[in-house]
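Listed here are the chains, written in short residue letters.
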Amino acid sequence: MASWLGGLGSGLGQSLGQVGGSLSSLTGQISSFTKDILLEGAEEVGDAATELHVSNSRLREIESINAAQKLENERLKKVCSDLEEKHEAAELQIKQLSLEYRNQLQQKEVEISHLKARQNALQEQLQKIQTASQSAQLGAGVLPPAATSASYVPVVRHSSGFEGDDMDFGDIIWSQQEINRLSNEVSRLESEVDHWKQIALTSKVQGTNDAEQSEICKLQNIVKDLKQNLSQEIDEHQHELSVLQDAHRQKLVEISRRHREELSEYEERIEELENRLQQDGVNADAMGDSKISEQEKNAQSLEGGRVEELQVVKDLEDEIRKLNHKLSSAEEENKILLKEQEMAKVEKIQITQEYENLKSDFSMLQSSVAEQDALLKEQEKKLQSKTSLPEDVVRLQQALLEAENEIARLSSLNQEGLEKEMTSAQHKNENILSVYTEDQNSELNRLRQDLERKEHELNESIAERETLIVELEELDKQNQEATQHVITLKEQLSKQHTESDSIIKQLKFDIDFERRKVSELEIEKVETIKELDSQKEKLSQCSYALNDLHVSKQHLQDNIKDLQEQLRKAQDCNLHHKKEIGELQQRLKEGEEELSVSLSKLTEKSNWESKYTCQDLILKEREVEIAKLQNDISENKQLSEDLEKSVSDLRTENGKLIAAIEELKQELSDAISEKNKAHLEKDTVVEALKVEKRQLESELNQTEKRLLEQAHKYKQTIEELSNARSMDTTALQLEHERLVKLNQEKDFKIAELKRSIEQMEIDHQETKEMLTTSLGGQKQLTELVKEKEVFIEKLKNQALQVKQELEEYIKVSKKQDVLKQNLEEKDRSLAVMKEENNHLKEEIERLKDQQSRSTPVVEPKTLDIIIELESEVTQLKVIKNNLEEEIEVHKKTIEDQNQTTVQLQQSLQEQRKEIDESKFQCEQMNVTHERLSLEKDEEIKNLQKTIEQIKTQLHKQRQIIQTDSSDLFQETKVQTLNGENGNEKHDLSKAEIERLVKGIKEREMEIKLLNEKNVSLSQQIDQLSKDEVGKLTRIIQEKDLEIQALNARISSASYRQDVLCLQQQLQAYVMEREQVLAVLSEKTRENSQLKTEYRNIMDMVAAKEAALVRLQEENQKLSNRSENSSQDMSRETIQNLSRIIREKDIEIDALSQKCQTLLTVLQTSGTGTDNGSGGVNSNQFEELLQERDKLKQQVKKMEEWKQQVITTVQNMQHESAHLQEELHKLQAQISVESDSNSKLQVDYNGLIQSYEQNEKKLKSFSQELAQVQHSIGQLHNTKDLLLSKLDLVTPSVATASTVSQLSGIQYSAPEVLSDESKLLQKELEQLKKKLQEKDSTIKTLQENNQRLSDSVATASEVERKSQEGTESEMRQIKEKHDVLQKSLREKDILIKSKSDQLLSVSENLSNKENENELLKQAVTNLKERNLILEMDIRKLKEENEKIVARCREKETEFRALQETNMQFSMMLREKEFESHSMKEKALAFEKLLKEKEQGKTGELNQLLNEVKSMQEKAVTFQQERDQVMVALKQKQMESSALQSEIQHLREKEQRLNQELERLRNHLLEMEDSYTREALAAEDREVKLRKKVLILEDKLVSSSTAVENASHQASLQVESLQEQLNLVSKQRDETVLQLTMSQDQVKQYALSLANLQMVLEQFQQEEKAMYSAELEKHQKQTAEWRKKAENLEEKVVSLQESLGEANAALDAASRLTEQLDIKEEQIEELKKEGEIRREMLEDVQNKLMNLMNSTEGKVDKLLMRNLFVGHFHTPKNKRPEVLRLMGSILGIKKEELDQLLSEDQRGVTRWVTGWLGGGAGSKSVPSTPLRPTHQNIFNSSFSELFVKFLETESCPSLPPPKLSVNDMKPLGAAGTGKTSSTPSNSQMQDSAVSRMSRRPDANPFLAPRSAAVPLITPASNSGHLLMKPISDTLPTFTPLPVSPDASAGAVLKDLLKQ
């Protein structure tokens, strides 16, 4: 394990070193490369040839670099993958080890607990013995020694099973952290699951859409996929765990075995101690027993101390504290102190014996140390054999050291403890001497003597302890030598462990970081889903709000239309009613006259009858009358019986009605016709309704008919009675009855009118409240508008920022595109380089073959080539590493930038959408403003039309009633209008009460809508009524003025005739006035009657309302039952509405006929007047005819509206179902709308402020424009400068900065200008439109004013002459007029405010619509985002699948690597075998050399041949063995793979079975649910049947209620008779009121005259007012026009300046771009220069290195030739050859001469000494001679010289400082290259050196004998292929590696040949 980790660490260290070294060069190369590519696009084509040349050279350089980098890239990728796999395997192994260690911990804890139990038992025995001894000595049971002995109890530490096992504790902590993390993850997943469950539940409740269901399905699929992946991963992990467990079980077995052995030893020692205790207890005295027990305690404490020394020290300290405490207590008690002093003596005796025990223990310890030494040796042997258990040895050695240390510490502690006790005892003795009396002095002296004796004993014990310490130190020295080796190993391991821990921590940190990212993404996903939901909800709310707003708008429009139509109807009805009143008054007068006549006749007849008839006759008549009455009663009884029968019939009919809906419809239609006839009996019907239920309305109608018939019959009886009284006055009676009926009808009408008046008043109050609320709402709306504006400004700022960011990111993206292209090109070149690399490998292999086969002449060249290739390869690797890292960095940057660009694009899109939305909102605001202005125009036109209509009506009224007072007119008009509205409402409400019994809930909402309509109507009527007062007076004045003008036009001659005509007309008017006054008096009387009746009716209404409430409650109950029949009822109501509309049409026709009759009347009245005024009347008639045409047109419009109403009614049938839901929503949203109204008001105020702000901004923009123009001028100057100085570099930089600043200013300015200029243009257009509209209105007003002024002028001239005496009255009228004016102004202000409110409301509506659209867009955006997220999820899934596939590929690769590993191991064994053979060869060669010296060459050849044959056999055997081993391993791998597949299939089967069971359960559940539903349906049927029975019972009860109703009807008849009497009394009162009203009419005539005077003055003042206002308006318009023209001019100038600014900006931007390009070119050129400099420096350095290296070197071929030539030349010329050699070697001439001057042996001695001619020399390498050479001496000499040259030419590198990372298995000790085959002596030296270096080597590898030498690897400069496997490839088992490619090896091969 550790060796494996060591290999991993070394590999990592090397790879990291390579990466670190090559980073700097890589970054420089890539940056230059990218900039070159960028420049290629940017450079202008000046010199094509030079550029081509440069580009070609660059391309070549780049390609060469790329090729090298790509090769290195591939290698590094492989290394990375291998390291990843190693890391995974290491993690798994660590986990397994931690599990095993935990198990061991548990076992050891159990064993420790057993040992503790034994110790406790022994302690108890000791204590017992001590107590016994003390009792024998002293007789008192005080036990301080027992306490001291108890101090030596060892407390077992539970931290770990082994001492010094740091790994285990770390693993435990790590595992705990892992568990915590997993639990957190589980909790998080559970929360996620809960969240999704909630979502699913909510979606089920709400009724999920198809899209949501699809999302859910997708999520479920994802969950399933994840589960499958999980299960697969778990399977794989389990498989790996099982493999690891098998691998480490053996380790566990060995550890447990050793542990048991140790335990057995401990147990034996404990038994020995127990035996000793027993023996000592029997033999020794009490004193001796205590000493023995303490000895045994010390032995136990020593043994415990071996395990944990620290706790023992703590215990001793605690015991010292206890002793101190006891001594303090001794001071308090004298007796106890004495006893303790005696015990102290005993303790001193014990201490002496303790040291004797310590000696014996020491001897025991020595024996145990010897045993442990033996154990250590065994363990070292085991270490050599088994590399997996180094930690046990270390632990045992540490335990030994600890035990030895503890012996020293205990002895020192004992000494210290005794000394302390002595000092404390002395102090106490002194205290006692002072305290106690002289009697105790003798005892103290005795104690002092004892103390002195004990001190003497202590000194002896200290001397003994010192001797012990010396012996212990000797032992320590012995042990230290043994343990140093282990300690060094431990340190190395710990270093490796720390490194692996750091790697693991980094990986864990990466994993945690990724998990956090995943969790963050999940959280973001959840948040996005929540946001989606919230936005969906908001959308739905907004859509509801929109719908409500649309509905409310439609309602308002309908209301306005209805109100307009009702106004017209009311006006028509007014005229009609007035005529009817006149007719009724005439009839009343006639009836009164007839009554008076009849009364006089009656009196006469009564007198006559009293004279002529007797009382008997009267009696007879009375009897006849009684008989008649009895007959009537019998008839009534019959009628009641008939009624009962009809009731029974009705019950049967009721049953039929429930069955048949068609009959009901017919009856309803009949009932409607009957209702129209029976308006008189409405009160009785309402009272009857109290008792009746809504289902029996048809019955009620019939009962009402019958009741009416009864009433008629009763009336007939009354008539007969009256006939009996007055036989002759039948005609009078009939007239009387008619009058009574008329009275009743009038009463009913009056009651209805009163009700309507009350309702109108209530509505008026409600409208006031609504107005107040709407005002508040408008304020809030204005605030909202302000907020919106602020938001829009923020959006603008954001948009500007986003634009800037976009530009930046566009630049970045361009750069990225260029980088991507570069990367693609590099990838292509990489692929090419891979192929080249393969070719190179093949060539290298070929070269190897050639080297092995080639002749000795070619050897040095191939070596040089190989060395050069290796150096090149290493350089290429470095470059490649750098490139790879740069590529990865660039990839990461590209990915980050892509992500940022994507995010920015999304944000840009969103902001663009927001900007579009804001623009759209602005446009909509403008549109709404335009709409509002148009609507206002329409309203003005409508008002003008109404004024014209009122004028025409007034004109008619003037002709009929000239002297009618305005106040009365107003009152009557209001009353009639209210009466009409009341009638309509009453009819409708009656119809609803009668016909809509079952659907009352639905109709209540319709009633609310009608109420709202009434409210709006009442508001309009109030406004009209107030406005009409003033307008009517004006119109009357205008008409008078027109008449006067016409009179004035007639010539002066005809003036007198006109005066006469006017006088006649005046007389006629006076007559008419008198008539009108009479009518008025009658009306006042009627009014008083109506008031009294109104009060009575109000009481009735209150009672009826209470009844209605009860009935509504009953109806609610009924409506629950009768939901099905509601649709039919709604159809019936629609039919009723259509009938009402028809009646209205009939009324309109009647009104048109009345208009025609009025025309005829006017014509007759016109003919009655003089010819002079005939012309005037003809004009008036023309006007009337025009008005009639208008009326006809209106009638046509009404008919069209009627058709529209019919269509709307049909639509209502369809919409009735939806209305209920919408009404509920409307109620909720009314409050929202009120808030929005207030916000709109605030918005309106904000708009005004914003307009002012915009004006301010315009000013600021003009200032900015000036600045911009100034900057443009500067830009032009700079442009000229730039064009002149483009070639130069330095000035261009300065100008660029200025240009960029200016461009920045200009960019910002025009954008803002363009946006705000658009807004200003829009506002100008709006203002222009408004001005035009106002101009048109002013023109119309001017025309009206001119007309009025003309008429007023004419009228004033006439009236000044005629009415000079009425100035006093005029003053009063003026005052009134002032008041009226004030009121008028207030009204105008109110109208303006209302119009403003309307505008703001409409604006708010448009805003709301805009907001809704925005929300819709937002929803679409969210949907798009959702889709994007789904796409991302799919991509992630695909990536997951790819990753799974990669994992599988990696597994296959792992297996392949294992196989390769096996092959490598086989290779190793072969290499070992070869090494053995090589050693044998070397020995053989040495022997051969010796024999050759003696002259035995033949035998050597034979031996060589034999060795070769043996070698070949051995090789064949090895190959066969290896093949078998590889096949076995493959089979094992296949079997394991098959087993894993089988397990996977089984798990799949289990999962499928589980799914099957789940589906079955689901089916069963579904069946259960269906059965439950069926049962529930049956229960419902039963319940419904019960309900039907209950309803039938209720029907029976209702029939009884009908009978009660008939009884009440009879009572009501009686009440009617009483009412008749009251009516007769009221009639008398009306006669009196008539006379009163006639008096009032006279007074009104006087007030009319005064009013006319006032009117004249009013007209004059009005004229002046109008003229002043006209002038103001004209001035204002002129000012506005001027402003508008100025603004237009400004806009034009701004646009021009904008265009100029844009042009300047474009120019500036071009210049800046050119500048940037130039700057980039300059920078790139600089960088190129730097690169070139670096290249030059590199080349120079290389040259210098070459020079340095070549200076010291000598050409091998040359020297060889010279040397050979030296021996071939004759002896005379040999000194010349030597001189030549000397000159080549750099020897001076003087030295050469000295050498040559000596005798010739000097040279030979030097040569022989140099070559080491003897075989015995250890320093010189010796090789066997080749058999081919004849001359033995020459051949051996030449070979030796060649070897010397090789050793000298290859400079031995200094040994590198090896860190823990660079630790290599076995072969890591050697560093330099081996020069040649070692001699015997060298072999020994190497073996010795390796033995000495052992501590540095890895202890986990297999040990070797000293005979087998270890192979030293090549230096670090070699090629990767030549390096040992552990450096580059993953090593799963420790392998000794042989070096190739060394020069020595090549020479060996040559020598073999």
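Residues numbered from 1 in each chain as written. Predicted model: local features only at pLDDT ≥ 70, side-chain atom pairs only at ≥ 80, totals over all residues. Heavy atoms only, no water.

K.L.:
Explanation requested: helix 25 (residues 1756-1768) in the structure shown.
P.N.:
Side chains that are three or four residues apart share a direction in an α-helix, a result of its 3.6 residues per turn. Between the first and last C-alpha of helix 25 there are 18 Å, a value that for 13 residues agrees with the 18 Å anticipated at 1.5 Å per step. Burial in helix 25 covers these residues: M1759, L1762, F1763 and H1766. One side of helix 25 carries all its buried residues, which in axial view fall inside an arc of 95°. Among the exposed residues of helix 25, those oriented more than 90 degrees off its buried face are N1761 and H1768. (Helix = DSSP H or I, 4+ residues; strand = E, 2+ residues; numbered from the N terminus. Expected span 1.5 Å × (residues − 1). Buried < 20%, exposed > 50% of the residue type's maximum accessible area, 1.4 Å probe, protein only. Arc of directions from axis to C-beta.)

K.L.:
Teacher, can you tell me more about helix 26 (residues 1774-1785) here?
P.N.:
Here helix 26 contains 12 residues, and its C-alpha end-to-end distance of 17 Å stays within 8% of the 16 Å for a straight helix at 1.5 Å per residue. Inspection of helix 26 places V1777, L1778, M1781 and G1782 among the buried residues, and these make up the whole buried set. Down the axis of helix 26, the buried set is contained in an arc of 140°. They therefore lie on one face. Looking one or two residues past helix 26, G1786 carries a phi angle of roughly 85°, positive in sign.

K.L.:
Looking at this structure, I do not really get the packing of aromatic side chains. What am I missing?
P.N.:
Evaluated as defined, the whole model comprises one aromatic pair. Consider the rings of F1763 and F1767, whose centres lie 5.0 Å apart with planes at 70°: the pair is edge-to-face. Highlighted residues: F1763 and F1767, both in helix 25, separated by four residues, approximately one helical turn. The ring of W1680 has K1683 lying over it, and the distance from NZ or CZ to the ring centre is 4.9 Å. (Phe/Tyr/Trp six-rings, centres within 6.5 Å; stacked < 30°, edge-to-face > 60°. Lys NZ or Arg CZ within 6 Å of the ring centre and 35° of its normal.)

K.L.:
What should I look at first to understand the environment of E342 in this one?
P.N.:
With respect to the secondary-structure elements, E342 resides in helix 8 (residues 334-385). In the structure, E342 is positioned 105 residues away from L447 in sequence and 8.2 Å away in space, judged by C-alpha atoms.

K.L.:
Just to check I follow, could you spell out the nonpolar core for this structure?
P.N.:
Most often, soluble globular proteins have nonpolar side chains that are buried together. If you look at the biggest cluster of nonpolar residues, it comprises 11 residues: I351, Y355, L358, F362, L365, V369, L400, I407, L468, L472 and L475. Among the elements that line this core, the one with the most residues is helix 8, at six residues. When neighbours within four sequence positions are excluded, F362 is seen to be in contact with L468, E471, L472 and L475. Residues L1762, F1763, L1778 and F1841 belong to the second largest nonpolar core, which totals nine residues. (Core = buried A, V, L, I, M, F, W, Y, C linked by side-chain atoms within 4.5 Å. Contact = heavy atoms within 4.5 Å.)

K.L.:
Teacher, can you tell me more about a positive patch on the surface here?
P.N.:
A cluster of basic side chains, namely K1117, R1121, R1580, K1583, K1586 and K1587, defines a positive patch on the protein surface. Of all the elements in the fold, those that place two or more residues in the positive patch are helix 19 (1055-1121) and helix 24 (1498-1752). Here the positive patch takes four residues from helix 24, the largest share from any one element. In this structure, R1121 sits in helix 19. (Patch = residues over 30% accessible without salt bridge, like charges linked within 9 Å, V, L, I, M, F, W, Y side chains within 5 Å. Areas by Shrake-Rupley, 256 points an atom, 1.4 Å probe, with all protein chains shown as cover. Salt bridge = Lys/Arg side-chain N within 4 Å of Asp/Glu carboxyl O. Lys, Arg positive; Asp, Glu negative; His and termini not counted. Charge placed at Lys NZ, Arg CZ, Asp CG, Glu CD.)

K.L.:
Quick question: what am I supposed to make of the environment of E787 here?
P.N.:
Note that E787 resides in helix 15 (residues 730-853). Each C-alpha atom of the pair E787 and D1243 lies 7.8 Å from the other, and the pair is 456 residues apart in sequence.

K.L.:
When you look at the environment of Q426 in this model, what are you seeing that I'm missing?
P.N.:
Looking at the element boundaries, Q426 is found in helix 9 (residues 390-435). Using a relative accessible area of 34% as the deciding quantity, one classes Q426 as partly exposed.

K.L.:
Looking at this structure, how should I read the packing of helix 26 against helix 27 (residues 1789-1797)?
P.N.:
When two helices pack together, you describe them by how their axes are tilted relative to each other and by the distance separating the axes. The geometry of helix 26 relative to helix 27 is characterised by a closest axis approach of 10 Å and an angle of 150° between their N-to-C directions. On the basis of their axis angle, the class for helix 26 and helix 27 is roughly antiparallel. Of the two elements, helix 26 crosses helix 27, and the hand of that crossing is right-handed. For the pair helix 26 and helix 27, the contacting residues are P1775, L1778, R1779, G1782 and S1783 in the first and L1792, D1793 and L1796 in the second. Counted by class, the contact of helix 26 with helix 27 contains four nonpolar, two polar and two charged residues. (Axes fitted to C-alpha atoms, helices over the stretch in contact; angles between N-to-C directions. Parallel < 35°, antiparallel > 145°, perpendicular 65-115°, else oblique. Left-handed = near helix turned anticlockwise from the far one by under 90°. Nonpolar A, V, L, I, M, F, W, Y, C, P; charged D, E, K, R; others polar.)

K.L.:
Help me understand a negative patch on the surface in this model?
P.N.:
Together, E265, E267, E268, E271, E272 and E371 give the surface a local cluster of negative charge. In terms of residue count, the dominant contributor to the negative patch is helix 5 (residues 210-283) (five residues). Relative to the helices and strands, E272 resides in helix 5. Under the relative-accessibility criterion, E272 is labelled partly exposed at 39%.

K.L.:
Could you clarify how one ought to interpret the side chain of D572 in this entry?
P.N.:
Inspection of the secondary structure assignment puts D572 in helix 10 (residues 441-612). In this structure D572 comes out as buried when scored by relative accessible area, which is 17%. Setting aside residues up to four positions removed in sequence, D572 forms contacts with L1151 and L1191.

K.L.:
I keep staring at the pattern of salt bridges and nothing clicks. Help me out?
P.N.:
Two side chains with opposite charge may pair up if their charged atoms get near one another. Evaluation of the coordinates by the stated rule reveals 28 salt bridges. Residues D450 and K345 are paired through a salt bridge, measuring 2.6 Å at the closest nitrogen-oxygen approach. Within this pair, whereas D450 is found in helix 10, its partner K345 is found in helix 8, the two being separated by 105 residues in sequence. By sharing partners, the salt bridges in this structure join E178, R181 and E185 into a single network.

By themselves, these observations are geometric and do not establish any function.
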